[in-house]
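A closer look at the structure
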Amino acid sequence: MSGNHAFQGPAARQAALAEHVLAEGSATAAELAERFGVSLMTIHRDLDELARQGIVRKFRGGVTAQPSGVFESNVQYRLKTMRAEKAAVADRAMRLIEPGMAILLDDSTTTLEIARRLRLGEITPLTVVTNFLEAINLLAGRRGVHLMALGGDYDPLHSSFLGVSCVEAVQQLRVDVCFASTSGVHAGHVWHQEQHIVSVKRAMLDSAARSVLLIDHTKLGRVALHRVAPLSRFDLLLVDDGASAGALRDLDEHQVRYEVCATKGGVDDRAGVT
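As a starting point, this report considers the structure included with it.

Analysis parameters
- Residues numbered from 1 in each chain as written.
- Predicted model: local features only at pLDDT ≥ 70, side-chain atom pairs only at ≥ 80, totals over all residues.
- Heavy atoms only, no water.
- Helix = DSSP H or I, 4+ residues; strand = E, 2+ residues; numbered from the N terminus.
- Buried < 20%, exposed > 50% of the residue type's maximum accessible area, 1.4 Å probe, protein only.
- Contact = heavy atoms within 4.5 Å.
- Areas by Shrake-Rupley, 256 points an atom, 1.4 Å probe, with all protein chains shown as cover.
- Axes fitted to C-alpha atoms, helices over the stretch in contact; angles between N-to-C directions.
- Parallel < 35°, antiparallel > 145°, perpendicular 65-115°, else oblique.
- Left-handed = near helix turned anticlockwise from the far one by under 90°.
- Nonpolar A, V, L, I, M, F, W, Y, C, P; charged D, E, K, R; others polar.
- 1 Å grid on protein atoms, 1.4 Å probe; cavity = no way out; pocket = protein on both sides within 12 Å on 5 of 7 lines; lining within 4 Å.
- Points joined across faces, edges and corners; volume = space filled by probe spheres on them.
- Pairing = 2+ DSSP bridges.

**Comments concerning the overall build of the chain**
- Each helix and strand in the chain was counted, giving ten helices and 15 strands.
- Here the chain holds 274 residues, and 52% of them are scored as buried.
- Contacts spanning at least 24 positions in sequence make up 63% of the contacts within the chain whose residues lie at least 6 apart.
- Counting only carbon and sulfur atoms, one obtains 50% of the accessible surface of the chain, whose full area is about 12,600 Å².

Shown next, in the form of structure tokens:
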């Protein structure tokens, strides 16, 4: 297989490298050198460039697309992960949306599952505000949906619009419900790796009458570099049924109102009280 890649230019090879790592989650430099038919030195240069662009992060001997406390995964990787869990919390979130509402969706792949369901047009009329290009593309032109796209600086790694102008646009609005997700929930707070995303999420919470946090169970107990907000800022937390008893006890201790959402094939009605 390596012969097919040996004569590619650096840009094409790096694109193929990124696609492979995003699909597999991680790879070693030696594996990639053999797969692409180039030297280890060349692979390391390619990986340095992909890391510089923020597509992957390097570790000793290899590279990964998976998140860390300071690295948020590329949107194309996040779109492929925890799909059943995201579907479960999105199904529950849909029951909170009523015709005539104005709702806000952040640029998370979890809230994108809400957009997929709204696309069916069963809850209208509805105003949807978002900075996520993936959601904008899904809902553009849908009958009964008044779509408001938040402008700003386009960030290709997140497929969303961010920055000061996005924050200012959010601050001019007042919506009924904000649906948001994040990278980690730990010690009674919500966390994220990137400061420019934190500022947008905070503005979204400030602009909503109610806020709902949607997460898959892997986010519980995970911390990232920046503290977004205390969990008390959210009226409800929705998590899938992969959440451990210990993680749920931690939510109880912080007096978080939460609901555990059953993935397909599972039944789970656990809920925490305020």
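**Here we look at the packing of helix α5 (residues 83-94) against helix α6 (residues 109-118)**
- Running from amino to carboxyl end, α5 crosses α6 at an angle of 55°, the nearest separation of the two axes being 9 Å. Compared by their axis directions, α5 and α6 come out oblique. α5 and α6 meet at a crossing whose hand is right-handed. Facing α5, whose interface residues are Lys86, Ala87, Val89, Ala90, Asp91, Ala93 and Met94, α6 presents Thr109, Thr110, Glu113, Ile114, Arg117 and Leu118.
- When the residues that make up the contact of α5 with α6 are grouped by side-chain class, the tally is seven nonpolar, two polar and four charged.

**Description of empty space enclosed by the protein**
- Taken as a whole and judged by the stated rule, the model has one cavity of 30 Å³ or more.
- In this structure, the largest cavity occupies an estimated 40 Å³ of space.
- What lines the largest cavity is Ala180, Ser181, Thr182, Val190, Lys201, Leu205, Leu213, Val228 and Phe234.
- Its residues assigned to classes, the lining of the largest cavity shows six nonpolar, two polar and one charged.

**Focus on the environment of His158**
- Mapped onto the fold, His158 is located in the loop between β7 (153-155) and β8 (160-162).
- For the pair His158 and Asp107, spaced 51 residues apart in sequence, the C-alpha separation works out to 7.3 Å.

**So, the sheet that holds strand β1 (residues 26-28)**
- Judged by pairing direction, the sheet is antiparallel, and its three strands sit side by side in the order β1-β3-β2 without closing on themselves. Only two strands of the sheet have a single neighbouring strand rather than two, namely β1 and β2 (57-59). The sheet shows a mean angle of 20° between the axes of neighbouring strands, taken without regard to direction.
- Relative to strand β3 (residues 62-64), β1 runs antiparallel, the two sharing three bridges. Within β3, the position partnered with Ala27 by the bridge is Val63.

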